[in-house]
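Each chain, written out:
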Amino acid sequence: NQIRLILLLKKARQTMIRQIFPKAVTSVRVGSRAVSQDVLEGVSDLFLILGVIIALGTLFLLAFDIDLVTAISAVVACVSNVGPGLKGVGPTQNYGWMPDAVKYFLSTVMIIGRLEIFTFLVLFLPITWKR
């Protein structure tokens, strides 16, 4: 996951350089190896989808009158499988006080994070189930 963040930051730098110098030929490198544009697009797509899941998940929790800090940190903790969040789901708290619908939702988010987002999304593509 750290390499994805590094690649995202390097891609952002590459994009800024291309905005300033449109004809520049640039590449993103990790060590001495160049990273293909397909890999960079995949990393960007992953972070975009992750942001959408976090935003929609937070809105879902807010609908149950859960405070903003708890809602954001609960969704981030579940999708990234890091354990405790902040405030109402912090290290001295647990998820037991939340409504059942929220716990089922966060369990689904946790499964999405554990299986990797793209793997989970592929399960719902119609082409996956065609013979």
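Description of the structure in this document. (Residues numbered from 1 in each chain as written. Predicted model: local features only at pLDDT ≥ 70, side-chain atom pairs only at ≥ 80, totals over all residues. Heavy atoms only, no water.)

### Digging into the overall build of the protein
This is how it is decided: A run of H or I in DSSP becomes a helix once it reaches four residues, and a run of E becomes a strand once it reaches two; helices and strands are each numbered from the N terminus. Atoms considered for the radius of gyration are the C-alpha atoms alone. The globule rule reads 2.2 Å times the number of residues to the power 0.38. When accessible area is computed with a 1.4 Å probe and restricted to protein chains, residues below 20% of their type maximum are described as buried, those above 50% as exposed, and intermediate ones as partly exposed. Working rule for contacts: check all heavy atoms of both residues, and any pair within 4.5 Å makes them a contact. In this count, Lys and Arg are taken as positive residues and Asp and Glu as negative ones, while His and the chain termini are left out. Where a charge lies is defined by one atom per residue type, namely NZ (Lys), CZ (Arg), CG (Asp) and CD (Glu).
Counting its secondary structure elements, the protein contains 6 helices and 2 strands. Taking 131 residues into account, the globule formula puts the C-alpha radius of gyration at 14 Å, and the protein, at 18 Å, lies well above it. Here the C-alpha coordinates of the protein stretch approximately 55 × 45 × 25 Å along the principal axes. The buried share of the protein, taken over its 131 residues, is 25%. Contacts in the protein between residues far apart in sequence, at least 24 positions, make up 47% of those at least 6 positions apart. Looking at the protein, you have 13 positive and 7 negative side-chain charges, and the mean spots of the two groups are 13 Å apart.

### Brief notes about the pattern of salt bridges
Using the following cut-off: Between Lys or Arg on one side and Asp or Glu on the other, a salt bridge is scored when a side-chain nitrogen of the former is within 4 Å of a carboxyl oxygen of the latter.
Here the structure, examined in full by the defined rule, presents 3 salt bridges. The salt bridge partner of Glu116 is Arg4, with a shortest N-O separation of 3.2 Å. Here the residue Glu116 occupies a position in the loop between α4 (100–115) and α5 (117–122), and Arg4 occupies one in helix α1 (residues 2–20), the gap between them amounting to 112 residues. Lys103 is paired through a salt bridge with Asp100; the nearest N and O atoms lie 3.6 Å apart. With Lys103 and Asp100 both in helix α4 and 3 residues apart, the pair spans about one turn of that helix.

### Overview of the packing of aromatic side chains
Worth spelling out the cut-off: Two rings from Phe, Tyr or Trp (for Trp, the six-membered ring) form a pair when their centres are within 6.5 Å of each other. A pair whose planes differ by under 30 degrees is stacked, one over 60 is edge-to-face, and the rest are tilted.
All told, the structure shown has 3 aromatic pairs when counted by the stated rule. Put simply, the rings of Phe60, Phe64 and Phe105 pair up and form one aromatic cluster.

### Things to note about helix α3 (residues 68–80)
Which entries qualify depends on this criterion: Each residue after the first adds 1.5 Å to the expected span of a helix.
A rise of 1.5 Å per residue sets the reference length of α3, with its 13 residues, at 18 Å; its end C-alpha atoms lie 18 Å apart and thus fit the reference within 8%. Residues of α3 that are buried include every one of Thr70, Ala71, Ser73, Ala74, Val75, Ala77, Cys78 and Val79, and no others. Each element contacted by the buried residues of α3 is listed here: α2 (37–62) and α4. Directly beyond the C-terminal end of α3, a positive phi value near 55 degrees is found at Asn81.

### Here's the deal with the packing of α2 against α4
Basically, it comes down to this: Axes, fitted as lines to C-alpha atoms, cover a helix only where it is in contact. Angles between the N-to-C directions of the axes lie from 0 to 180 degrees. Oblique is the label for any angle not covered by the other classes, which are roughly parallel (under 35 degrees), roughly antiparallel (over 145) and roughly perpendicular (65 to 115). Three residue categories are used. Nonpolar comprises Ala, Val, Leu, Ile, Met, Phe, Trp, Tyr, Cys and Pro, charged comprises Asp, Glu, Lys and Arg, and polar comprises the others, including Gly.
Relative orientation of the contacting elements α2 and α4 amounts to 170 degrees, with a least axis distance of 11 Å. Relative to α4, the element α2 is oriented roughly antiparallel. Side by side, α2 and α4 meet where Ile53, Gly57, Phe60 and Leu61 of the first sit next to Ala101, Val102, Phe105, Leu106 and Ile112 of the second. For the contact of α2 with α4, the residue count by class is 8 nonpolar, 1 polar and no charged.

### Let's talk about the nonpolar core
For clarity, the threshold we go by: Buried Ala, Val, Leu, Ile, Met, Phe, Trp, Tyr and Cys residues form a nonpolar core when they are joined through side-chain atoms within 4.5 Å.
Ranked by size, the top nonpolar core spans 17 residues in total, and within it Leu61, Ile66, Ala74, Met98, Val102 and Leu106 carry the most contacts. Put simply, the parts of the chain that give this core at least two residues each are α2, α3, α4 and α5. Counting residues per element, this core draws most heavily on α3, at 5 residues. Not counting residues within four places of it along the chain, the set of residues in contact with Leu61 comprises Ile66, Ala71, Ala74, Val75, Val102, Phe105 and Leu106.

### A closer look at the side chain of Gln14
As a reminder, the rule being used: In protein, a polar contact requires one atom able to donate a hydrogen and another able to accept it; more generally it is a pair of N or O atoms within 3.5 Å, and residues adjacent in sequence count only if both atoms are side-chain atoms.
Looking at the element boundaries, Gln14 is found in helix α1. With a relative accessible area of 4%, Gln14 lands in the buried category. Of the polar contacts made by the side chain of Gln14, one reaches the side chain of Thr26; its length is 3.1 Å. Beyond its immediate chain neighbours, meaning those up to four positions away, Gln14 contacts Thr26, Ser27, Val28, Gln37 and Leu40.

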